[in-house]
Structure formats: structure tokens, C-alpha cells
Amino acid sequence: MYMPYGWPEVIPLESGLSGPSSQRIVYFKVINGLMLVVGATHLELWSSSQTSSFYLQIFKVQFTERRIQIGGKQPSNLSFADINLLLDEQVPILVKEMTVSNIVCDNKHLLLGLSNGSLYPISWKGEFYGSYQINFHLGENNEIIRPQHSYGNGNGPGRGAIMNSASHMPSRTSAVVWLEFCLQLRMLFVLYSDGRLVFCSVSKRGLKQPESLKAEKILGSEDAFCVSLASVKKILAVGTKRGVVELYDLAESASLLRTMSLCDWGYSMDDTGPVSCITWTPDNSAFAVGWKLKGLAVWSVSGCRLMSSLRQVGLSSLSSPIAKPTLDNKFEPLTNGTALMQWDEYGYRLYTIEEQSQERILVFSFGKCCLNRGVSDKTYGRQVIYGEDRLLLVHSEETDELKILHLNLPVSYMSQNWPVLHVAASTDGKYLAVAGLHGLILYDIRFKKWRLFGDISQEQKIECKGLLWLEKIIIVCNYVFASDTYELLFYPRYHLDESSLLCRKLLLAKPLVMDVYQDYILVTYHPFDVHIFHVKLSGDLTPTSNPTLQLSTVRELSIVTAKSHPTSMRFLPDQINKESAPEKISSFSEKLSSREPARCLILRANGDFSLLDLDDGHERELTDSVELFWVTCGHSEEKTNLIQEASWLDYGHRGMQVWYPSPGADPYKQEDFLQLDPELEFDREVYPLGLLPNAGMVVGVCQRMTFSTCTEFPCFEPSPQAQTILHCLLRHLLQRDKIDEALRLAQLSAEKPHFSHCMEWLLFTVFEADISRQNLNKHNARIADDKSSNSLLEKTCDLIRHFPEYHDVIVSVARKTDGRHWADLFSAAGRSTELFEECFQRRWYRTAACYILVIAKLEGSAVSQYSALRLLQATLDDSLYELAGELVRFLLRSGREYEHTAPESDRLSPRFLGYFLFSSKKQATDSKSPSFKEQSAHVASVRNILENHASYLMSGKELSKLVAFVKGTQFDLVEFLQRERYGSAHLENFASGLELIGQKLQMDTLQSRLDAEFLLAQMCSVKFKEWIVVLATLLRRSEHDLRLWNAYSYTLESHPAFVGYHDLLQDLEARLSSVPSFQGK
């Protein structure tokens, strides 16, 4: 028999073995005291014998050329391996209860972190050097004053102890919980359990002796909880107990770069808890952050929040959805906190394990943005996000609305070449080139068709390392495995086959970065060797012809530098001064195409951005902390390229920046969008993808979450956002007195939906800068005003005056600024009364109404009230009753204020207001009423206008307009009806009234029935019997006074026009017969 006892033992397998079905355990066996676990990607060998702790085992793994077949027709990248045990020794540590944090190493030694706060070095040959601790004294700014070390080999009592100052050391219970080692910069980071993170420099002697480690300083506020190193970017991410992530630049002596947290999105440390784990993407361009209590987020290096599993509750974001209160938090993933995270090798998937729920793994799918890095071509003309098996295209229509279209790749290609590795869009935006592990495919966006290799053997010979477009030719950077070489393959986009191969160019080595501009190709090798080739195409590039392509080297440049390696290089075309070369656009393009680019832009791995002169090799530093950039001049085939005036744009943690060409000693001038245009700063959750040159806009993308009761977790959806930059380009031209160019640029974009918004922000930013300059001049005794030339504010107003949006833009900017500065604005834009009169004559009444407050401020209350009264009468004539109501409220309010503040001599005279005192039959009697005598001239004028309009509507029985008039202006209809019982509200007889009002109201619509209900209630309040019966008949209601119905029923029966009301009469007769007073008659 078998009887269990004790607790079950938990064997922690590698994450790959306990992952999804694609990584399941494929073989399991226990024999001879050993347990073998085989997974899809690796194997584990466990010993079941009685062994002691702290054994060091070093295995030698040698891969063979025999590939492992795991499914599909093609062999995988996995190979059989020979594993040999080289070393099996017990580490001589006295305290058996100690634990190891992790292991870091260089090419000679390994270093272990121990739970007693010490470090233990071991050589790869199995030599144990004994433990030691890092001694330090704190100085100013957490700088460390390091005393002399003493150490032992750990083989005897006391020999492993270190003399230290306990007041400046981690406490005795502070264990080493994690080690991070940057071999290139020779930096070691030691994280203790008490929150101290010690930065140590490592000498060339390596990790063997404690003298080779020098404690430099303590990073942060001594509340570190976890750390993660980005070896490519040389950035250290530190998660703190405060829930904040701190980034440190290792290239600058571990200086603090920036911090990230969810506080701006409404989540505090009490909500999320401390940062539990951080993991970088394989390319180090982003990192995932998990919190102990709940939540997961992904950030870019520049500080853009790319993803969050928590619902938006803050006020800083307009793009995230507002959660409904009925939804429960259980729909959010990782609500119990994040325990572990790991990216896959391509960065397409993030595997996470939730705290207190480690029986399953949550996997988040990610797409990558097509950025201008490496040897893949730029795609800013066609914004693309690519996933492991699909493309997400940003689709833009003529309107402002942008959409994401999912494009699934052909199964026949992806089943053999998963995943997607490279994507490039053609210059004209009509084709997409996509490459997986082998081969490539082309997609025609217009006709929605794929083009593949007809011969699969040819496809498998191509191991694409990058894609470039040369007009209608696709360039493939191919790695030849057999010879370990790299080559360029030139294919026409109309046919993918070796028979159509235009050229094959062998490269000297693996290229770092590549670029194409017109007929020139740039190839850069390690460390920094630049080669430029010229392409000559002979013959027509058509399927019926036989074109040939030749490459010739036109420039070679070898640059010796200690800077970080380049991640992107782009040709910078020369921008010819149009004033000195006034050729036509066609001749200008031809002249430009024949000129070899003499400069290029360089973006390095550490974010440094520079301009390289290809003639002399001189490199000029421009800025730093740049994440991506776009060259705009000469790189767009759009006929209406609105961003041609700019040279390039870049994006980093500062936001968006634009660069313009400028004559003189400084050929390029930088303008920071954050300083000049606060509205241009993208939300910190919107990441820019590229440009729309024909719209003058930057396109970005952010995350949205949609919830459903059918699924456990929400759906993460990328949402495109657009940001215009047209006003920045126009301001740049105006500042350089390029008035004609600015006007042409504005005319090109005049039909765009965002044009009015651009003009408004152009004027607003210029006016705000003018106000700031005036405030500075007030504190400066030396004021130099140039009266000879127009100011930038005047130039801006003159530019906008060419467009019909001028009046709206001027008054909109005025309403957004302090009224104390309106005089300066309208001195450049024109007198407010003149602008009002122009709007009034053109019947732009809504715009004219906006000028009323400006006139009151600049011209006085009397003029503003006169203008408002004129506008009130005009809006009533055009049935703009909501606008009329606003004018009424303004006149009554300003009239009261004016009567209390203005002296007798400044008040409006009765003759002035007499223009609005229209005569009526009841005017003499009404003026005798006490209420009218008490009214001011302003109130009387408004009342007369309203009553005359109400009389006009009632006389013509325009009842729908009357209802809208009453609701819009809050006119007292009851009082008016009481006075007009025998006037305009009088009905001649029931029959004519029913016929006329029925024609006016058109009772077949819902709004007309609502209007009739409203009028019926008003007539009942004043007891207008004829009106009550007419409106009730139209509404087919008989619940009112039956005696009235008995009196008018004969008219309904006898009149042939009222046949449709006979069913109402039958119901009426039934009701009358039930009334005793009517029976027997």
C-alpha cells in the first residue's frame, strides 16, 4: 500500500516550461536519482539525491549543426547540443542558511550576492576567493568616502568578516537582493534589502578582488525595490518603494535622467504599492513596470506611457476612456499585483504572472512602430505598426478622423517565416514591403493584393536584415549563412524572382545603418565607416523590358570617434534658396535630384543627435536625448507638402522639436515646440508615429481599453491621434519676412478641416509672445521699438485677413486672452466696431455677437448696447432664437450695470433708443401701466423688440417659431396672450383657425406635436377657449371641457375638410353620452 505524508514539494520550473501550450513540457522522466524535464526550447536536469547546498556546477554547452524539427516544413533555429559537466564543487561558505541573490559575470569571474550582505567571487575555473563586503562612508549628496578594505578567503572563522563602520553600512540584516553589472562601462550595482542601491566602479582587474570595486555613491533616496539594466541604451531603471521608476544614465556617471509614475493618471503609491519588477524590451527602447498591489505599465525611454492595465481615472488625459461605474475592477488584468514579467525574444509578447495567482500566465500582445532605425527604411509617409503576424495601418481620410486598419499577412508566407521582422513603405506610400525570417512579400495598398515569390526555394535563401525603397525598386539587405556575408539585392516591385533581380551587391561587413535618397545609397559599417553608392538604372522599369542597374562608389569616409554607435542616419538634401533661384517646381526638382547630398543626420544609441558633413567628415552636435526624427525636406512626393519649409523634426523627452534652414553663420535654427506652443506637446500617453505632409500634421498613437461582459479582460486598442504643426511653420516664415511663402503655404491648407484651428493658434502664440515681450520691456529702461517695420503681430493679422476665417479667429483669440491687452490686439487687427459691422453686413451674426463684449471693453457700454440691440433685431428676423436669448440676457445685465455706474450725461438718450421703439396699437395703453413706467430705457427697448416680434409671429400663426422664440428668449408668453386676446392672438372662428393652424404646425412630425402641447398648456393658463379646442383637436385629445366639444362638433361634421377627425367625433359622442347632463338632448 501507499500512504502520503508531509507537505508536497514544489519544484520551480523555468518560465518557458510552465508557459503556454506552444512551450509545454514534451518529455518527463525520473531515473537513477535524476529527473529530466524537456521543453520545446530547453531542458532541465534535477537531482533527487541528498545533496548539500551551495554547489557550483559549470556546464559546457556545444551546439551541433543538426537542427531540431518541431513542426512545419522548414527546420527551426534550434539545434541539438552536447552538454558536459566541467565543474562540480561546493562553495566554501560557513553559514549554510544563506541564500544567493543572482549571479553576474565577466569573461574571467562570477560574482554572487549573499543574504548576509556580502559578495562572493568565483573564477570560471572553480577558484573560490572568499566573501567580502563593500565598506563606505557617506559624504555630501550621497557621495561615498571609501575606507581601506580588509578581506579573507572564507575558509576559516572570521576570515570572511570585513571591518566596517556600521553607521554607514547597510544593517547586518540587509541582504544583497540583486546585482546588475555593465561590462562595457565596468559598473556594478548592488541592491540591498533595506533599499540602498550602491553604485560601484570596477577596475580592469575584474570582479576577483575587493580592491577592484570602488563604491562611488548611493543612487536615489535609499528606497530602491528592484533594478533592471538596459545594456544597449546604458540606462539603469530603478523601481522604488514609492511606486516611482527612476532612470539613470550610466554614460554620465549614473546621473538621474527622469522619473515615471502613475500619479498624473490618478494612481498613488497607496493604490499601486511599490514597484515589484522591471523588464526591458530586447531593443531597450521601452520597459515594462509591474507594481506590487496592482497594475502594469509600459513606458518609452523618453517618458511616454505606451500601455497601462489600469483604467484611466486622472484628468490629465483626454484620450483614455472614462470607466463606467457599473464595471467591476475584476475586468482589469493584474488587479492583485505583478509578480514576474518577461518579454519574448522579439518583443511582441509580454508574459506576466500575477501576485497570489501564479497558476496561470497572462500574455499581452504588442506591435512595434516602424521607426527610422537601423537598415529598415523610414515609414513616416505611411504610418505602420507591425505585430508578429499582422500590420496595423493608420488610415487617414479627407476628414480629421484617423482609423487603425488591421491587415493580416498571408498564411502561406507566415506559416514558414513567422514572425514579422522588417516593414518598409514605399516613398509614394502605395506599397508595403514585409519580411519575416526568410524572404519578403509586397502589398499593394491601392488594389489590396499581395505579391510573393513564386519559387519558395528562392524565398528561403533570403534572410532579410533590412529593407529599403529606391523609387519602384525594393532593396533587401540579405545575410548569406553559408559564407557569413551580407549583400544587397535589388528587385522591381512588379516581380519577386531571381530572373527579375536587377543587381546583387556584396557588402564588406554587416551594415549598422543604411539610407536611400533618390539615386544615392548610404551604408555604414562598424565602427564608423561610411560608404555612399550611386545607382544608375538603364532601361524602363517595366515587365516587358530588360532593365539593368549598376552601383558605383562615389564616397568613402572613415571616422574615428569614441561616441556611441549610430542607430539611424538620414541624408539631408540641400535646400536651395527659392528667392535666389526662382525656377519652376519641376526644374527645381530636377536640379535637386542631380545633386549628391553633402550632409546627413546621425542619431546615436544614447540619444545624441548630430549633423555630419560628408565632404570633410566634420560632425556637429545638435542636441541630445532624441528618440526618433524625420527628415522633411525633399523626402515627400506629395504635391501639397505643407512641411517642406522645415528641415527635420525630432522627438525625445522634451517633446517635439522642429528645425529650419537659416542663412548665415548658424545654418540651422532650433525651435522648441514646448516653449512656443504648449498645445503642441503630445500627451504623455501619445507616441508620435510619423507625419502627414499634405496636411501638416504629426500622427501619434495611444492606448484605449474597451470592456465587454463577454470577456474576462478588456481589449487593448491602439487609437491614432493627430497634432497640427502648420501654425509653427507659418510663424517661422513670418519671422523671416517670407510673407508670400507664408501666404502660399496657408492657401495650400485652407481647405483642411483644421485650418481655422491652426490660424487661431498662430495668432494666439504670436500675441502671447508680444504680451510677454511688453511685460519684459516694462522692467527694462532701454526699450527699442522699431516703428519702421511691421510687428510680427501685424504680419500675422495681415496673413489671416486673406481668409474668411479672419473675423472668427480674431475674436476667438481675444476671448482666450486677458481683456487688458485687447487694445494691442485690435490695434493690429482693426477696430472692433468695424469688424462687428463687417460681420453684421455679411449676416455672420454668431461671430458678430462675440464682438459685443470686446466693444464694451474698448468702446464703452453705450456703443456695445446699441450694437447688441441691432443684432438682436437681426437675429430675430433670421429666427436665431438661441443667439437672441444670449443677447437679451447681455442687454438686461449690462443695462442694469450701466444705469448704476454711468453718469447722467453718458447715458443713452431716448432719441438714441427711439430707433427701436416700434409703434403698435397697444403702445399708448401699455405705457400707462405702472410696470412700464418703472422700467429703464434699456429694458423697454428690449421688451418692445421682443413683443413686436411675438406679435409678428402670432399674426402669421408661425406657431413653431413662436415656441422656439419663447424658449430661446424666455419671453413671457402668458402676459403677452392676455394683452393680445383681441389682437394678434384672436381667432376669427373655429373652422378657419383649425384649418390655418393645422397647415402651419404640420402635425405629422414629433416636434410639431411637442410645440402644440406647449401652446395648449399656455392657452389653458389664459383660458383661450377657441385655441384650446383647436389645439386639442389637432392633438386628437378630448379630455378638456366637453361643452366646448359639443359646441364645435357640428363644425367638424359639416366641414368637408375635417373628414379626418370623424373618428375623434365618434369617441367624443361616446364620452358625451356618458355624461348625464347631455343625455336626452
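Scroll up for the structure.
Computed from a predicted model, the values in this text were never measured in an experiment.

A. A look at the overall build of the protein. On a plain count of helices and strands, the protein comes out with 26 helices and 52 strands. Put simply, the protein has 1081 residues, and 49% of those count as buried. Carbon and sulfur atoms provide 51% of the accessible area of the protein, an area that totals close to 53,800 Å².

B. View of empty space enclosed by the protein. Taken as a whole and judged by the stated rule, the model has four cavities of 30 Å³ or more. Along its surface, the second largest cavity is lined by Arg 242, Gly 243, Ser 261, Leu 262, Cys 263, Tyr 267, Ser 268, Met 269, Thr 272 and Trp 291. Within the lining of the second largest cavity, the residues separate by chemical class into five nonpolar, four polar and one charged.

C. Molecular detail of the packing of helix H12 (residues 832-841) against helix H14 (residues 861-877). Packing of H12 against H14 leaves a shortest axis separation of 12 Å and a crossing angle of 5°. The angle between H12 and H14 falls in the class roughly parallel. Residues Thr 833, Phe 836, Glu 837, Phe 840 and Gln 841 of H12 touch H14, and the partners they reach there are Val 863, Ser 867, Arg 870, Leu 871 and Ala 874. Split into classes, the residues belonging to the contact of H12 with H14 amount to five nonpolar, three polar and two charged.

D. Representation of the packing of helix H9 (residues 792-800) against helix H11 (residues 822-829) in the model. Two numbers describe how H9 lies on H11: the axes approach to 8 Å, and their chain directions differ by 55°. Relative to H11, the element H9 is oriented oblique. Seen from above, H9 lies across H11 with right-handed handedness. Taking contact as the criterion, the partners of Leu 793, Glu 794 and Cys 797 in H9 are, on H11, Asp 824, Leu 825, Ala 828 and Ala 829. Its residues assigned to classes, the contact of H9 with H11 shows five nonpolar, no polar and two charged.

E. Seen up close, the packing of aromatic side chains. For the coordinates displayed, the defined rule picks out 24 aromatic pairs. Note on Tyr 479 and Tyr 486: the rings are 4.9 Å apart at their centroids and 45° apart in plane angle, and the pair reads as tilted. When the ring centre of Phe 1014 is taken as reference, the NZ or CZ atom of Lys 967 above it lies at 5.2 Å.

F. Molecular detail of the sheet that holds strand S44 (residues 609-613). The strand order across the open sheet built from four strands is S42-S43-S44-S45, with neighbouring strands paired in antiparallel fashion. In the strand order of this sheet, the two ends are held by strand S42 (566-572) and strand S45 (619-623), each with one partner. Pairwise comparison of adjacent strand axes, ignoring direction, gives a mean angle of 25° for this sheet.

G. Just a nonpolar patch on the surface, in detail. A cluster of nonpolar residues, Leu 43, Phe 59, Val 61, Phe 63, Ile 83 and Leu 85, forms a patch on the protein surface that exposes about 600 Å² of accessible area. Residue assignment for the nonpolar patch shows that the elements contributing at least two residues are strand S4 (55-67) and strand S5 (79-90). The leading source of residues in the nonpolar patch is S4, at three residues. By the secondary structure assignment, Phe 59 is in strand S4.

H. Quick peek at the pairing of strand S36 (residues 485-492). Within S36, seven of the eight residues are buried, which leaves it mostly tucked inside the rest of the structure. Here strand S35 (residues 473-480) hands over to S36 after four residues, with Asp 484 in that stretch at a positive phi of 55°. In terms of strand pairing, S36 meets strand S37 (residues 503-506) through four bridges, oriented antiparallel. Pairing of Leu 488 across the sheet is with Lys 505, part of S37.

I. Unusual backbone geometry, seen in detail. The residue after Trp 418, namely Pro 419, is reached through a cis peptide bond having omega 0°. As for its position among the elements, Pro 419 is in the loop between helix H2 (411-417) and strand S30 (422-425). Of note, Glu 471 is a non-glycine position whose phi angle comes to about 55°, a positive value. Tracing the backbone shows Glu 471 in the loop between strand S34 (464-470) and S35. Even without glycine at this site, Ser 625 takes up a positive phi of about 55°. Owing to a relative accessible area of 22%, Ser 625 belongs among the partly exposed residues under this scheme.

J. Main features of the pairing of strand S48 (residues 655-661). Burial runs high along S48: seven of the seven residues are buried. Connecting the antiparallel pair strand S47 (residues 648-652) and S48 is a turn made up of two residues.

K. The arrangement of the sheet that holds strand S18 (residues 255-260) in detail. If you walk across this open sheet you meet the four strands as S15-S16-S17-S18, and the pairing is antiparallel. Of all strands in the sheet, those with a lone pairing partner are strand S15 (224-230) and S18, marking the two edges. If you compare each strand with its neighbour and ignore which way they point, the axes differ by 25° on average. In the sheet, S15 pairs with strand S16 (residues 235-240) via six bridges, with the strands oriented antiparallel. Each bridged residue has a counterpart across the sheet, and for Ser 228 the counterpart in S16 is Ala 237.

L. Here's a closer look at the environment of Gly 295. By secondary structure assignment, the location of Gly 295 is in the loop between strand S20 (286-291) and strand S21 (296-300). Of the residues examined, Gly 295 reaches a relative accessible area of 0% and is grouped as buried. Along the primary structure Gly 295 and Glu 332 are separated by 37 residues, whereas in three dimensions their C-alpha atoms are 8.6 Å apart. For Gly 295, the contacting residues outside a window of four places in its chain are Val 289, Gly 290, Ser 309, Leu 310, Leu 334 and Thr 338.

The rules behind the values
Residues numbered from 1 in each chain as written. Predicted model: local features only at pLDDT ≥ 70, side-chain atom pairs only at ≥ 80, totals over all residues. Heavy atoms only, no water. Helix = DSSP H or I, 4+ residues; strand = E, 2+ residues; numbered from the N terminus. Buried < 20%, exposed > 50% of the residue type's maximum accessible area, 1.4 Å probe, protein only. Areas by Shrake-Rupley, 256 points an atom, 1.4 Å probe, with all protein chains shown as cover. 1 Å grid on protein atoms, 1.4 Å probe; cavity = no way out; pocket = protein on both sides within 12 Å on 5 of 7 lines; lining within 4 Å. Points joined across faces, edges and corners; volume = space filled by probe spheres on them. Nonpolar A, V, L, I, M, F, W, Y, C, P; charged D, E, K, R; others polar. Axes fitted to C-alpha atoms, helices over the stretch in contact; angles between N-to-C directions. Parallel < 35°, antiparallel > 145°, perpendicular 65-115°, else oblique. Contact = heavy atoms within 4.5 Å. Left-handed = near helix turned anticlockwise from the far one by under 90°. Phe/Tyr/Trp six-rings, centres within 6.5 Å; stacked < 30°, edge-to-face > 60°. Lys NZ or Arg CZ within 6 Å of the ring centre and 35° of its normal. Pairing = 2+ DSSP bridges. Patch = residues over 30% accessible without salt bridge, like charges linked within 9 Å, V, L, I, M, F, W, Y side chains within 5 Å. Salt bridge = Lys/Arg side-chain N within 4 Å of Asp/Glu carboxyl O.

No statement about biological role is implied by the geometric values presented.
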